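For reference, the chains in residue letters:
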Amino acid sequence: MRLSGIHDVRLTSNSQLIIRQIDGTYQASNPCLQRYLQLAKHYIEQIPNITFRHLNRINNSYADALAFIASMTVGPEATNVRIERVLLPSIPLEGNMDILAVDSVAQEESLPEDDWRTPIMKYLTNGYLPSIS
């Protein structure tokens, strides 16, 4: 397979190990990595002007975050990962915070049945577990 039309490439990676294996500084000892290195070198030889650059993870937080997420997937059934960017803190930076205290005073207060804290309060005060519907 010939790569036609590709003349100038700058390859950037956050893996210093991979960059050093490609440029020959390090050896690939794992048989699987040796095959990948062989394939990479096959394509590299077909590009007249190719440069490699190592980008520290500190400078590439998006790639680092994605790599971390990928490393946490356990089974093949985990095919979709939802990523949500939280722009605001989950707690107020100033003022009072509502805290659910479970003590004799809190037991006297009544929460509405549809309040998310109600099942927690019932469990903490008298061990009541809601039924699974």
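Quick caveat, the model's predicted, so the values are computed rather than measured.

### Some thoughts on the overall build of the chain
Counting its regular elements, the chain contains five helices and two strands. For the chain, the α and β elements follow one another from N to C terminus as β-α-α-β-α-α-α. Taken over 133 residues, the chain has a buried fraction of 12%. A fraction of 49% describes how many contacts in the chain between residues 6 or more apart in sequence connect residues 24 or more apart. Total accessible area on the chain is roughly 11,700 Å²; 55% of this is exposed by carbon and sulfur atoms.

### Points about the pattern of salt bridges
Enumeration over the complete set of coordinates arrives at two salt bridges. The shortest N-O distance in the salt bridge between arginine 20 and aspartate 23 comes to 3.6 Å. The class of arginine 20 is partly exposed, set by a relative accessible area of 25%. With relative accessibility at 40%, the residue aspartate 23 sits in the partly exposed group. Note that glutamate 113 is salt-bridged to lysine 122, the shortest N-O span being 3.2 Å. Given the relative accessible area of 28%, lysine 122 is considered partly exposed.

### Focus: a nonpolar patch on the surface
On the surface, a cluster of nonpolar side chains totalling about 590 Å² of accessible area is made up of Trp116, Ile120, Tyr123, Leu124 and Leu129. Secondary-structure assignment places tyrosine 123 in helix H5 (residues 118–126).

### Description of the side chain of glutamine 46
Among the structural elements, glutamine 46 can be located in the loop between helix H2 (31–44) and strand S2 (49–54). The exposure class assigned to glutamine 46 is buried, which follows from its relative accessible area of 10%. A polar contact is formed between the side chain of glutamine 46 and the side chain of histidine 42, at a distance of 3.0 Å.

### A closer look at the confidence of the model for the chain
In this model, the chain carries an average pLDDT of 77, and 80% of its residues clear a pLDDT of 70 or more. Ranking the elements of the chain by mean pLDDT puts helix H4 (residues 104–108) last, at 49, and helix H1 (residues 16–22) first, at 90.

### Regarding the nonpolar core
Burial of nonpolar side chains together is a common tendency in soluble globular proteins. The biggest cluster of nonpolar side chains holds six residues, and these are Ile22, Ala28, Leu37, Ile44, Ile47 and Ile50. Excluding anything up to four places from it in sequence, isoleucine 22 contacts Leu37, Lys41, Ile44 and Phe52.

Criteria and thresholds
- Residues numbered from 1 in each chain as written.
- Predicted model: local features only at pLDDT ≥ 70, side-chain atom pairs only at ≥ 80, totals over all residues.
- Heavy atoms only, no water.
- Helix = DSSP H or I, 4+ residues; strand = E, 2+ residues; numbered from the N terminus.
- Buried < 20%, exposed > 50% of the residue type's maximum accessible area, 1.4 Å probe, protein only.
- Contact = heavy atoms within 4.5 Å.
- Areas by Shrake-Rupley, 256 points an atom, 1.4 Å probe, with all protein chains shown as cover.
- Salt bridge = Lys/Arg side-chain N within 4 Å of Asp/Glu carboxyl O.
- Patch = residues over 30% accessible without salt bridge, like charges linked within 9 Å, V, L, I, M, F, W, Y side chains within 5 Å.
- Polar contact = N/O pair within 3.5 Å; in protein donor to acceptor, adjacent residues only side chain to side chain.
- pLDDT = per-residue confidence, 0-100.
- Core = buried A, V, L, I, M, F, W, Y, C linked by side-chain atoms within 4.5 Å.

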